[in-house]
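Each chain, written out:
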Amino acid sequence: MPQQNLHLQRVFSDAFRQLGRGRRRLTPDANQIEVRFYPYAGLHHTIRLRAGRVYVRLSDLFRTAPPEVIRALAFLLVARLLSRKAPRTEEQIYRSYALSPQLLRASDLVRRQRGRKVVSSSRGQVYDLKRIFARLNRRYFENEMPRPVLTWSQRRARSILGHHDAAHDTITISKALDSREVPEWFVEYIVFHEMLHVKHPARIMNGRRYYHPPAFRTEERAYPRYQQAQDWLDRVVRKRHELRARAA
Ligand SMILES: [Zn+2]
């Protein structure tokens, strides 16, 4: 941990050195900078200058961010503190990561969950995620996938049906699916999709991050009920739009 921290401190002092353009007052040493990850409810970072020391808090959603993204974020925060314009490339690197589907889903999820006591359970009113996982593991993964934490979401989110959090080895499934109105095969498909995320971690190709690499897509399309599940998804999405149109 201390080593990791020292690395972060150096990344920030480097950003100060480059953006402060050598002005002594604006270039604190690494040991004058404190960097911490903080469980903000959402995607949020802060930087403060107090009595010659710099205090940085980064969203803990960035704990697993690649080094170039952390570097870009350091530039953006330091630029903000110094009222300088952030370099365009750093801005792009940060944005493409922060706006990636996986991070958006993750920040959506923590926004929903934080500030309340999270009592997680794999056992829903209708469906038991451990049983579904065990069945899928047997059928499609040769029983070789170690079981992650399986949990129903706290709220009945309809926009995010499933989410795999690699950092916490957790698969979360929307409580909206724990209903007799939802066929079991559809819940299974959503769990299967998240299990594929465990099997095929996000990959970086040509500087871009792929959350559904080709091998993932191929395997997903081979799932027996894939097309049926897509049709069902379409219907769910359409229904949501109709509801919204009616409410408006
Ligand atoms: Zn996915």
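Quick look at the coordination of the zinc ion now. Note on the zinc ion: its protein donors are His193 (NE2), His197 (NE2) and His212 (NE2). The metal-donor distances range over 2.0 to 2.1 Å. Mapping the donors of the zinc ion onto the primary sequence gives the spacing H-x3-H-x14-H. Taken as a pair, histidine 197 in helix H6 (residues 184-199) and histidine 212 in the loop between strand E8 (208-210) and helix H7 (214-221) lie far apart in primary sequence, 15 residues in all. The buried category is assigned to histidine 197, whose relative accessible area is 6%.

Turning our attention to the packing of aromatic side chains. Each aromatic ring pair is characterised by the separation of its centres together with the angle its planes make. Counted by the stated rule, this structure contains twelve aromatic pairs. Ring centres 5.7 Å apart and planes at 45° place the aromatic pair phenylalanine 141 and phenylalanine 192 in the tilted group. Note that phenylalanine 141 is positioned in the loop between helix H5 (129-140) and strand E4 (149-152) and phenylalanine 192 in helix H6, a separation of 51 residues in sequence. Residue class for phenylalanine 141 comes out buried when judged on its relative accessible area of 8%.

This brings us to the environment of serine 121. By secondary structure assignment, the location of serine 121 is in the loop between helix H4 (101-113) and H5. A relative accessible area of 33% places serine 121 in the partly exposed class. In this structure, the C-alpha to C-alpha distance between serine 121 and tryptophan 152, residues 31 residues apart in sequence, is 6.2 Å. Once you skip the residues sitting within four places of it in the chain, serine 121 turns out to touch Leu150, Thr151 and Trp152. A distance of 3.0 Å separates the side chain of serine 121 from the backbone nitrogen of arginine 123, its partner in a polar contact.

Relative to each other, H5 and H6 sit at 70°, their axes nearing to 10 Å. Regarding the angle of H5 to H6, the classification is roughly perpendicular. The handedness of the crossing between H5 and H6 comes out as right-handed. Touching Leu129, Ile132, Phe133, Arg135, Leu136, Asn137, Arg139 and Tyr140 of H5 are Glu184, Val187, Glu188, Val191, Phe192 and Met195, all from H6.

Strand pairing within a sheet occurs via backbone hydrogen bonds; the two strands may be parallel or antiparallel. Taken together, the three strands give an open sheet; going across it, the order is E1-E3-E2, and neighbouring strands pair in mixed fashion. Of all strands in the sheet, those bounded by a partner on one side alone are strand E1 (33-38) and strand E2 (46-50). Across the sheet, the mean angle separating the axes of adjacent strands is 15° when strand polarity is ignored. This element, helix H2 (residues 67-81), spans E2 and strand E3 (53-59) of the sheet and lies at about 45° to E2.

Turning to helix H3 (residues 88-98), its buried residues number three or more, namely Glu90, Tyr94, Tyr97 and Ala98. Seen from one end, H3 has its buried residues packed into an arc of 95°, which puts them on one side. For H3, the exposed residues set more than 90 degrees away from the buried face come down to Arg88 and Ser96. Lining the buried residues of H3 we find H2, H4 and E8.

Attention shifts here to the nonpolar core. The biggest cluster of nonpolar side chains holds 35 residues, and the ones touching the most others in it are Phe12, Ile47, Val56, Leu58, Phe62 and Val78. The element contributing the most residues to this core is H2, with ten residues. Here this core spans two domains, and each of domain 1 (2-98) and domain 2 (101-247) adds at least three residues to it. Judged by nonpolar contacts, the second largest core, of 28 residues, contains Leu136, Leu161, Val187 and Ile190.

In this structure, threonine 170 sits in strand E6 (residues 170-173). By relative accessible area, threonine 170 is classed as buried at 14%. Looking at threonine 170, its side chain comes within polar contact range of the main-chain oxygen of histidine 168, at 2.8 Å. In this structure threonine 170 touches Pro148, Val149, Thr151, His163, His164 and Asp165, once residues within four positions along its chain are discounted.

Residue placement: histidine 44 occurs in the loop between E1 and E2. Residues histidine 44 and leucine 61, 17 residues apart in the sequence, show an inter-C-alpha distance of 9.2 Å. Excluding anything up to four places from it in sequence, histidine 44 contacts Arg57, Leu58 and Ser59.

What counts, and where the lines are drawn
Residues numbered from 1 in each chain as written. Predicted model: local features only at pLDDT ≥ 70, side-chain atom pairs only at ≥ 80, totals over all residues. Heavy atoms only, no water. Donors = N, O, S within 2.8 Å, 3.2 Å for Na, K, Ca; no water. Helix = DSSP H or I, 4+ residues; strand = E, 2+ residues; numbered from the N terminus. Buried < 20%, exposed > 50% of the residue type's maximum accessible area, 1.4 Å probe, protein only. Phe/Tyr/Trp six-rings, centres within 6.5 Å; stacked < 30°, edge-to-face > 60°. Contact = heavy atoms within 4.5 Å. Polar contact = N/O pair within 3.5 Å; in protein donor to acceptor, adjacent residues only side chain to side chain. Axes fitted to C-alpha atoms, helices over the stretch in contact; angles between N-to-C directions. Parallel < 35°, antiparallel > 145°, perpendicular 65-115°, else oblique. Left-handed = near helix turned anticlockwise from the far one by under 90°. Pairing = 2+ DSSP bridges. Arc of directions from axis to C-beta. Core = buried A, V, L, I, M, F, W, Y, C linked by side-chain atoms within 4.5 Å. Domains from an automatic or database assignment.

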